[in-house]
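Below are the chains, spelled out letter by letter.
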Amino acid sequence: MGERSGRTTGRVAKRLAALLASSAVLLSAAAPALAAVPARSVLTSALTGALTSGSADYPAAMVIDTVKPIVASQSGDAVTITGQVTNTSGSELKSTHVAVRNPYENKPVQTRSDLGLIASRNTPAGLDGTDQNPGSNQQLGNLGAGQSRPFSVTVTPGQLGFDGTGVYELAVDIWGGTDDNEKPRPLGIARTFLPYNPQPASQPTRIATLWPLTHTPELVAQTMPDNEQTPVLRDESLATDLAPNGRLFQLVKTGEGLPGLTWVVDPDLLDAVYAMTKPYRVQKPGTTGESAQNDNTVAGTGKAAADAWLKELRTAVATGGNEVVALPYADPDFASIAHNGAGLAGTDTALHKAGTAGRLTAEGRLSVDVRSGVAWPYQGYLDQQIAATTRAAGDDLVLVNGASLPEDAKKLSYTPNAVRQLGGGQNALVSDQTISELFQQNLSSQQAKTAATQRFLAETLVITQEQPADQRNLLIMPPRTLTVDAANTLAAAIKEAQKDGWLSLAKLDTVAAATPTPGANTSVPGPTDYPDGLRGSELSASALADVMNVQSGLDQLMRILTQPQRVRSPFSAAMLRSMSTQWRDKPDAGSAYRTGVQDYLNNLVSAVKVPAKSVITLPGDSGTLLVSVKNDLNQAVGNLELRLTSGQLNRLNVGPPESIVLDATTSRTLRFPAKAQVNGSVQLTAQLYTTGPDAQPYGAPVTFTVEVTSVTQGVLYVIGCGVVLILLAAVRFYLQRKKRSTDPVDEPAADAADEPGSDPDATAGAEHASGPDSDPGSAADAGDPVSGDEKVGH
């Protein structure tokens, strides 16, 4: 409806002002009056409790602050309504007064759809009742432009003409004149509901109320390198929530006063709190991917708060009639996995592990029996893909938002039981959408609290009266991040309804065991019917793939560690936390967490490595190549070998792989025999491998160059040296002969020796016969000059 409808509405309202003043029934004015304001949701209107801004025809905005008592049980009960009225126009409102209208035909509201219609109206209408009860009149006088004034009116059910048990509209409006028309007319209205219950129901409606205890993941994959593996948290936000004024502490205190609650707990939260009961560390900003050390963490300060909260929670859940539901560990985002991780290797295994770990952790930390096998998709929205994913994960019960399985009023005229059979051995518990959404709003103001309380009481009483002899079983699903204001408001409303007999708290399993209502909607919507607004915050396919890839890197690291248990459990839990539903409201923090897990794993894997090399020289045709392997981890590693691979086997061959065992934070140099065929540069690759039947490369390869001096050059070098030695010997021989030619000689001996025909043996005999006084050196030089030259070489 555009401006034309708005102008028409104004003219109609002015014509009907006189009839309103005389208490005439203005049923025909209801529809055009609604057109005078922007359309708003039923629940938004219900929680504001009044027109949030004035208009030209209705310039007074009204809100209801309190209704006391919130339920009337006798006709003489005095009911006081307080609130405020504000003049939103630019001129004075004259001679104003407020009063409570008598209900339309003095009858209670008959159906839940009528409750919705009443809550959706924003301006005075004939269906709000026509007579202002004179006993509730309060004069406010003139109201200047922009001026606000409180009001307080008191009336009894008898004065309002209530006719029997039921829910009645409680409408308070303001009358007065304006500058252009001083004749009294309705200027604004505020509405709420008042249950009137003189005769309590014989069959109260049973409600399973989820009481969620969740928090964004805090524990990281890192632990301190001490023997105790001191845990590390990403920040101290959990300590704040656990403190006496914190959200989680207040939820436990409020829930303690409601026996019969269904506590829905993320076991990862319990692990984080338990870790905080002992010494723990907190990461410094910007260190998410680093190994935890004293210099990049600080001591945690939440031990006292964690101790107190865990003790309080154990006491609360042990109360008779309560039930504890353990969500899969870290509350995995089923919707994201179903829509973006279909067929991704490892997801089914991870979800099964999450279910088992969730149950064991919750039972161990709380010392009570828990209900597992329960899936809670984001905001409870379901489609066929999500149903299949939860079923594959082994969850036989799914908590579903009523918006996913709405009822057709033409097929079913009353509120059905929450349980629905989905097939494949899986059931759904469908929440009551209208009631659940009341506590998903901002309830920080008194007006919002009152509106939500009265609407809750009205809805549940009408449900009970729909089929008085047929006890219904409902599910109330507040948001995962239930606020303290919403929790307190819900708890107070439940207590009142229980006291007045039309509601009783029941365990989740009790509601799930009820008989499904014939005709209730069991048609799970297809993926195209899933709300588009929720897809934008889902984990992407690439983000999920990165999480699953962590497992392959972790498997590789596990093969070489001598103490794999120090790493396996922290990383397995961190993978599940990386897919948590809790990151939906904090996508940047979730992305940083996933990046930190991957970076930390990369750092661990790369801590065992071959240091980079550049060039190695190999002189000659053979030698030994030295290659180092370094272990920067805080534990010993084994099941490794180093392989050297030649890029040119026809030029250079290297020895076989070398096995490796390294103590923590040590290095070792390995020796590889090498044999060269020709000279030049050859590329070698050093690659670590795991050992065993399925050997795999470990870490990144390191490539370096070997400069080879060929075999041919070595031989030439040796030959050249030999030639030089021969030349030196020849020179010496020449010099010695030249010297002898200039020295005096024994002439007879020379004549005898040189005389033709002389007996050479005589000379020899004389040589061998020389006595001790003879010069053996001279004899040698004279008889065998070469032998003298050979001595030079020694």
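Before any of the text, the structure's been laid out above.
Description of the structure in this document. Just so it is clear, the model here is predicted, and its values are computed rather than measured.

Read from one edge of the open sheet, four strands run E21-E23-E27-E25, paired in antiparallel fashion. The open sheet is flanked by strand E21 (608–609) and strand E25 (652–654), the only strands paired with a single partner. As defined by bridge partners, E25 adjoins strand E27 (residues 666–676) across three bridges and the pair is classed as antiparallel. Directly across from Asn653, in E27, lies its bridge partner Lys675.

Moving on: the packing of helix H9 (residues 267–276) against helix H12 (residues 347–366). Their axes nearest at 9 Å, the elements H9 and H12 cross at an angle of 45°. It follows that H9 is oblique to H12 by the angle criterion. Crossing hand, H9 versus H12: left-handed. Side by side, H9 and H12 meet where Pro267, Leu270, Asp271 and Tyr274 of the first sit next to Gly358, Thr361, Ala362, Arg365 and Leu366 of the second. Classifying every residue of the contact of H9 with H12 by side-chain character gives five nonpolar, two polar and two charged.

As a further point, take the packing of aromatic side chains. Enumeration over the complete set of coordinates arrives at six aromatic pairs. The interplanar angle of 65° and the centroid separation of 5.6 Å between the aromatic rings of Phe162 and Tyr196 together place this pair among those described as edge-to-face. One end of the pair, Phe162, is in the loop between helix H6 (157–160) and strand E6 (166–178); the other, Tyr196, is in strand E7 (residues 181–196), and 34 residues separate them in sequence. The same class applies to Phe162 as to Tyr196, namely buried. In this structure an aromatic cluster arises from ring pairing among Phe162, Tyr168 and Tyr196. Over the aromatic face of Trp376 sits the side chain of Arg480, whose NZ or CZ is 4.4 Å from the ring centroid.

By the secondary structure assignment, Lys675 is in strand E27. Using a relative accessible area of 44% as the deciding quantity, one classes Lys675 as partly exposed. Measuring from C-alpha to C-alpha, the distance between Lys675 and Arg651 comes to 8.4 Å, with 24 residues separating the pair along the chain. In this structure, Lys675 is in contact with Asp621, Ser622, Arg651, Leu652 and Asn653, ignoring residues within four places of it in sequence.

Our next topic: the sheet that holds strand E2 (residues 79–87). Reading across from one edge, E1-E2-E5 is the order of the three strands in this open sheet, with antiparallel pairing throughout. Each edge of the open sheet is held by one strand with a lone partner, namely strand E1 (60–68) and strand E5 (148–155). Across the sheet, the axes of successive neighbouring strands diverge by a mean angle of 20°, strand direction being ignored. Where E1 meets E2, eight bridges bridge the pair, whose relative direction is antiparallel. Paired with Val63 across the two strands is Gln84, which belongs to E2.

Another point: H9. For an α-helix, 3.6 residues make a turn, and residues three or four places apart therefore share a direction. Burial analysis of H9 places nine of its ten residues in the buried class, which makes it a mostly covered element. For H9, the full list of buried residues reads Pro267, Asp268, Leu269, Leu270, Asp271, Ala272, Val273, Ala275 and Met276. Structurally, the start of H9 carries an N-cap: the backbone nitrogen of Asp268 is 3.0 Å from a side-chain oxygen of Asp266.

This part covers the side chain of Asn122. Note on placement: Asn122 falls in the loop between helix H5 (112–120) and strand E4 (138–143). Among the polar contacts listed, one links the side chain of Asn122 to the backbone oxygen of Ser120, at a separation of 3.1 Å.

This part takes up the packing of H5 against helix H15 (residues 446–466). Two numbers describe how H5 lies on H15: the axes approach to 9 Å, and their chain directions differ by 155°. Classified by the angle their axes make, H5 and H15 are roughly antiparallel. Two secondary-structure elements touch here, H5 through Arg112, Leu115, Gly116 and Ala119 and H15 through Arg455, Ala458, Glu459, Val462, Ile463 and Glu466. Of the residues belonging to the contact of H5 with H15, the class tally is five nonpolar, one polar and four charged.

Here the focus is the environment of Arg281. On the secondary structure map, Arg281 appears in strand E12 (residues 281–283). On the basis of relative accessibility, which here comes to 17%, the residue Arg281 falls in the buried class. A sequence separation of 18 residues divides Arg281 from Ala299, and the C-alpha atoms of the two residues are 4.6 Å apart. Polar side-chain contacts of Arg281 include one of 3.4 Å to the backbone oxygen of Asn294.

Attention now moves to the pattern of salt bridges. Within the structure shown, the criterion is met by 30 salt bridges. Between Lys94 and Glu92 there is a salt bridge, and its shortest N-O distance comes to 3.2 Å. When the shortest N-O distance is used, the salt bridge between Asp271 and Arg365 registers 2.9 Å. Linking Asp271 in helix H9 with Arg365 in helix H12, this pair joins segments that are 94 residues apart in sequence.

What counts and how
- Residues numbered from 1 in each chain as written.
- Predicted model: local features only at pLDDT ≥ 70, side-chain atom pairs only at ≥ 80, totals over all residues.
- Heavy atoms only, no water.
- Pairing = 2+ DSSP bridges.
- Helix = DSSP H or I, 4+ residues; strand = E, 2+ residues; numbered from the N terminus.
- Axes fitted to C-alpha atoms, helices over the stretch in contact; angles between N-to-C directions.
- Parallel < 35°, antiparallel > 145°, perpendicular 65-115°, else oblique.
- Left-handed = near helix turned anticlockwise from the far one by under 90°.
- Contact = heavy atoms within 4.5 Å.
- Nonpolar A, V, L, I, M, F, W, Y, C, P; charged D, E, K, R; others polar.
- Phe/Tyr/Trp six-rings, centres within 6.5 Å; stacked < 30°, edge-to-face > 60°.
- Buried < 20%, exposed > 50% of the residue type's maximum accessible area, 1.4 Å probe, protein only.
- Lys NZ or Arg CZ within 6 Å of the ring centre and 35° of its normal.
- Polar contact = N/O pair within 3.5 Å; in protein donor to acceptor, adjacent residues only side chain to side chain.
- Salt bridge = Lys/Arg side-chain N within 4 Å of Asp/Glu carboxyl O.

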